[in-house]
Amino acid sequence: MATPAAAPPPFSDATSYSDSGSDGSGDSEEEASPMVWDSQDLRAQAERNEEQLLAAMSVDPGRLPALNDLLLEVYAVLRPKPVDYQQRNALVDVFNKMATRIFGNDNGFPVVQAFGSFTMDLFTPKSDLDLSVNFSADIEDQCPRKKKMKVVRKFAKVLYSLQRDGIYCGVLPVVSAKVPIVNVIDRGTGIECDITVENKDGMTRSMIVKLISSLDERFQILSYLVKTWAKIHDVNSPTAQTMSSMSIISLVAFHLQTRHPPILPAFSALLKDGSDFASVEKNISLFKGFGSANKESVAELFVTLMSKLLSVESLWEHGLCASNFEASWISKTWKKGVGNLSVEDFLDRSQNFARAVGKAQMQKICTCLVVCASNLTDFMKGHIDASKLKTRLFGRLNPDDLVSRPRPRRGKRDLSPEGRRGIQQERTKRAARHEEPAHQVNATPGTARVATVLPPVRHCRFPGIQSGGAQYVHKPWWPFRIVPSGFGYGISVRLPPRAPHPGPGILGRAPGDLIRPNSGIQLPKQGSLLPTPLRERSASTRRPGSGEDEQLHPAP
């Protein structure tokens with residue numbers, strides 16, 4: 001089927017994406033700069049292009065209910081279950097205890113807090129868990145870079161010792177990155193955790209998206225679907241110069257802002273009193289039911305979103321920018337190499353959420369949109385059934401494939417003189433602490449275990465810290481516990497059980513004792529997620545001579 005193309009802009013000096021295979025960062029100075037339109041002309045052209053392309057797609061209203069059922073079924077498969085929230089909240093508790101062990105407790109700080117897809121309630125069981133180690137309740141990040149690097153190294157040192165004990169894997173500190181980070185994977189759950197320091201910007205944006213999700217459930221559903229579509233088609237990776245998750249989520253919100261009538265308000269109205277939690281929450285409460293007049297289904301919104309993005313392909317390079325702040329297309333130029341796709345940061349309007357997208361990668365994104373529009377058109381015309389369309393859009397969604405499993409990865413080392421010295425010092429210390437004597441090489445497994453000096457720290461039991469919830473002097477400025485939003489749980493769908501994860505992990509083995517309710521969804525039996533305290537175990541199960549009870553549970 002010939003896929004209709006968007007109407008070309010009425011000028012001739014435009015430079016198409018196919019003119020260059022570069023990533024957008026090394027364009028030659030001789031390359032002609034495309035003409036930039038003003039906001040009003042761009043907006044009018046974008047709306048005309050969208051109308052023409054949507055008409056060419058031949059949307060059949062009679063086929064939309066079947067498409068809607070398909071999309072809601074995919075959403076139900078993607079949604080995490082209560083145990084996924086419990087595991088991540090428990091990991092946050094664990095890292096809080098670890099931070100207290102490393103840095104002490106100064107009036108309730110440091111505190112480890114989640115942000116990103118988990119906080120926004122837009123994660124799948126396979127998503128990473130983004131964490132920030134915060135040393136103050138200030139909204140602004142006032143932590144110097146050198147301190148962030150030092151904190152990351154200290155966390156990595158403790159995590160390396162726990163990795164040798166089989167609790168973690170894939171520990172990887174990257175202090176040379178723009179945002180110093182340490183990656184680690186819990187072996188029991190397979191959840192990969194990305195630990196940063198004072199990531200207040202990420203936390204604030206996550207909070208705002210979470211609050212906006214409460215206005216209309218269609219925003220959350222569409223965000224899940226479009227993120228999954230982008231991931232399946234390999235266009236959701238800033239490191240590969242494609243779209244970031246925040247740029248995708250912002251485009252979904254923008255689409256809902258520009259419907260007639262709108263489903264979401266302009267973010268300027270939500271941020272008029274500041275970006276702190278209390279102000280945003282108060283302003284959002286004023287817009288409850290804002291989009292109720294719009295009765296479009298998820299299917300209609302999905303089709304029109306894809307057609308919107310495809311129809312403006314030729315306009316991005318001429319200054320087109322999606323602005324959540326104004327809830328409108330605007331004209332905006334960026335510095336060279338960061339404007340192939342323009343999605344304005346609603347908190348810092350001088351920044352582009354899609355700045356990582358390269359020129360060649362933009363062409364790949366547009367190609368994926370063309371294929372998506374073609375598949376939707378084939379479905380509307382009855383050329384393919386719902387099952388084939390689901391596979392083409394979202395792949396073969398197997399719930400087992402959505403569950404995280406340990407996947408150690410290699411990362412870029414800090415090759416600066418300071419970083420090389422740190423690596424060499426770490427290797428020397430590790431060799432001095434843990435090198436086995438030569439006569440132990442042929443020892444039996446039991447004697448080798450006793451002779452090898454391994455840290456006895458297990459799970460989240462740290463000296464002097466209770467095993468209950470996190471202990472703080474005052475309530476943090478950020479909502480600490482993340483709970484399911486409830487969207488989509490009424491959808492009836494039968495899912496096969498998930499396989500348990502190998503390895504003990506920080507939370508113990510993943511629950512394998514499952515019950516089968518009538519809904520067909522596998523839920524774990526109720527019980528503690530954290531390991532049983534060592535002093536409560538039978539004496540026969542303790543490791544002889546380990547001294548675990550004495551070191552992990554000191555007498556008061």
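Under an unreviewed UniProt entry, the name given to the chain is Poly(A) RNA polymerase mitochondrial-like central palm domain-containing protein, and the organism recorded is Triticum aestivum.

(A) How the structure looks around the overall build of the chain. The secondary structure content of the chain amounts to 15 helices and 9 strands. When each of the 556 residues of the chain is scored for burial, the buried share is 50%. A separation of at least 24 residues holds for 72% of the contacts in the chain among residues at least 6 apart in sequence. For the chain, the exposed area adds up to about 25,300 Å²; of that, 53% sits on carbon and sulfur atoms.

(B) Fine view of the confidence of the model for the chain. For the chain, the mean per-residue pLDDT works out to 75, and 66% of the residues sit at or above 70. The low-confidence segment residues 403-416, where pLDDT is below 50, has 43 contacts with residues more than four positions distant or belonging to other chains. Predicted confidence for residues 433-476 stays below pLDDT 50, and this span has 76 contacts to residues more than four positions away or in other chains.

(C) Region of interest: the pairing of strand β3 (residues 168-174). With respect to burial, β3 is a largely interior element, 6 of its 7 residues being buried. Across 5 bridges, β3 lies against strand β4 (residues 181-186) in antiparallel orientation. Bridging across to β4, Val174 finds its partner in Ile181. Remark: 6 residues form the turn of the hairpin made by β3 and β4, two consecutive strands paired antiparallel.

(D) Spotlight on the nonpolar core. Grouped together as the largest cluster of nonpolar side chains are 80 residues, with contacts concentrated most on Leu67, Trp229, Phe302 and Leu376. If you tally residues by element for this core, the top one is helix α11 (residues 359-380), at 10 residues. Apart from the residues lying within four places of it in its own chain, the contact partners of Leu67 are Ala299, Val303, Leu376, Phe379, Met380 and Leu389. Val92, Met149, Tyr160 and Val175 belong to the second-largest nonpolar core, a separate cluster that totals 35 residues.

(E) Region of the structure containing empty space enclosed by the protein. Scanning the model with the defined rule gives 4 cavities of 30 Å³ or more in all. Roughly 120 Å³ of volume is contained in the second largest cavity. Lining of the second largest cavity is provided by 13 residues; of these, Met243, Leu251, Leu309, Ile365 and Leu369 occupy positions nearest its centre. Of all the elements in the fold, those that place two or more residues in the lining of the second largest cavity are α6 (217-232), α7 (245-257), α10 (298-311) and α11.

(F) Layout of the packing of aromatic side chains. Summed over all chains, the structure comprises 13 aromatic pairs. Aromatic side chains Phe103 and Phe155 sit 6.2 Å apart centroid to centroid with 45 degrees between the ring planes, which places their arrangement in the tilted category. Taken together, the residues Phe103 in helix α3 (residues 82-103) and Phe155 in helix α4 (residues 145-164) connect sequence positions 52 residues apart. For Arg63, the ring lying beneath its charged end belongs to Phe379, and the centroid distance is 4.2 Å. Over the ring of Phe135 we find Lys147; its NZ or CZ atom is 4.2 Å from the centre of that ring.

(G) Spotlight on the packing of helix α1 (residues 39-56) against α10. Two elements in contact, α1 and α10, have axes separated by 8 Å at closest approach and are oriented at 125 degrees. Our classification of the angle between α1 and α10 gives oblique. Both α1 and α10 take part in a crossing whose hand is right-handed. Seen from α1, the contacting residues are Ala46, Asn49, Glu50, Leu53 and Leu54; seen from α10, they are Val303, Thr304, Ser307, Lys308, Leu310 and Ser311. In terms of residue class, the contact of α1 with α10 is made up of 5 nonpolar, 4 polar and 2 charged.

(H) Examining the side chain of Asn283 more closely. Among the secondary structure elements, Asn283 is positioned in helix α9 (residues 277-285). Exposure remark for Asn283: the relative accessible area of 1% places this residue in the buried category. For Asn283, the side chain forms a polar contact with the side chain of Asp273, separated by 3.3 Å. Other than its neighbours up to four places away in sequence, Asn283 contacts Ala269, Leu270, Lys272 and Asp273.

(I) Molecular detail of α3. Compared with an ideal rise of 1.5 Å per residue, which puts 22 residues at 32 Å, α3 spans 32 Å between its outermost C-alpha atoms and is within 8% of the ideal. The buried fraction of α3 amounts to 16 of the 22 residues, a majority that puts the element mostly inside the structure. Once α3 finishes, Gly104 follows within two positions and takes phi at roughly 80 degrees, a positive value.

(J) Fine view of the pairing of strand β2 (residues 129-134). In terms of burial, β2 is a largely internal element, 5 of the 6 residues being buried. The sheet contact formed by strand β1 (residues 111-115) and β2 spans 5 bridges and is antiparallel. Each residue of the ladder has a partner; that of Val111, found in β2, is Asn134. Examined bridge by bridge, β2 and strand β5 (residues 192-197) share 5 bridges and lie parallel to one another. Note that in β5 the partner of Asp130 across the bridge is Asp194.

(K) Expanded view of the sheet that holds β1. Here 5 strands make up an open sheet; going across it, the order is β1-β2-β5-β4-β3 and the pairing mixed. The open sheet has two free edges, formed respectively by β1 and β3, since each of these has just one partner strand. Recorded for the sheet is a direction-independent mean angle of 25 degrees between the axes of neighbouring strands. Across 4 bridges, the pairing between β4 and β5 is antiparallel. Of the residues in β5, the one forming a bridge with Ile185 is Glu192. Most of the contacts of α3 go to β1, to which it runs at about 150 degrees, and overall it touches β1, β2, β3, β4 and β5. α4 contacts β1, β2, β3, β4 and β5 of the sheet and is inclined by roughly 160 degrees relative to β3.

Each value, and the rule that gives it
Residues numbered from 1 in each chain as written. Predicted model: local features only at pLDDT ≥ 70, side-chain atom pairs only at ≥ 80, totals over all residues. Heavy atoms only, no water. Helix = DSSP H or I, 4+ residues; strand = E, 2+ residues; numbered from the N terminus. Buried < 20%, exposed > 50% of the residue type's maximum accessible area, 1.4 Å probe, protein only. Contact = heavy atoms within 4.5 Å. Areas by Shrake-Rupley, 256 points an atom, 1.4 Å probe, with all protein chains shown as cover. pLDDT = per-residue confidence, 0-100. Pairing = 2+ DSSP bridges. Core = buried A, V, L, I, M, F, W, Y, C linked by side-chain atoms within 4.5 Å. 1 Å grid on protein atoms, 1.4 Å probe; cavity = no way out; pocket = protein on both sides within 12 Å on 5 of 7 lines; lining within 4 Å. Points joined across faces, edges and corners; volume = space filled by probe spheres on them. Phe/Tyr/Trp six-rings, centres within 6.5 Å; stacked < 30°, edge-to-face > 60°. Lys NZ or Arg CZ within 6 Å of the ring centre and 35° of its normal. Axes fitted to C-alpha atoms, helices over the stretch in contact; angles between N-to-C directions. Parallel < 35°, antiparallel > 145°, perpendicular 65-115°, else oblique. Left-handed = near helix turned anticlockwise from the far one by under 90°. Nonpolar A, V, L, I, M, F, W, Y, C, P; charged D, E, K, R; others polar. Polar contact = N/O pair within 3.5 Å; in protein donor to acceptor, adjacent residues only side chain to side chain. Expected span 1.5 Å × (residues − 1).

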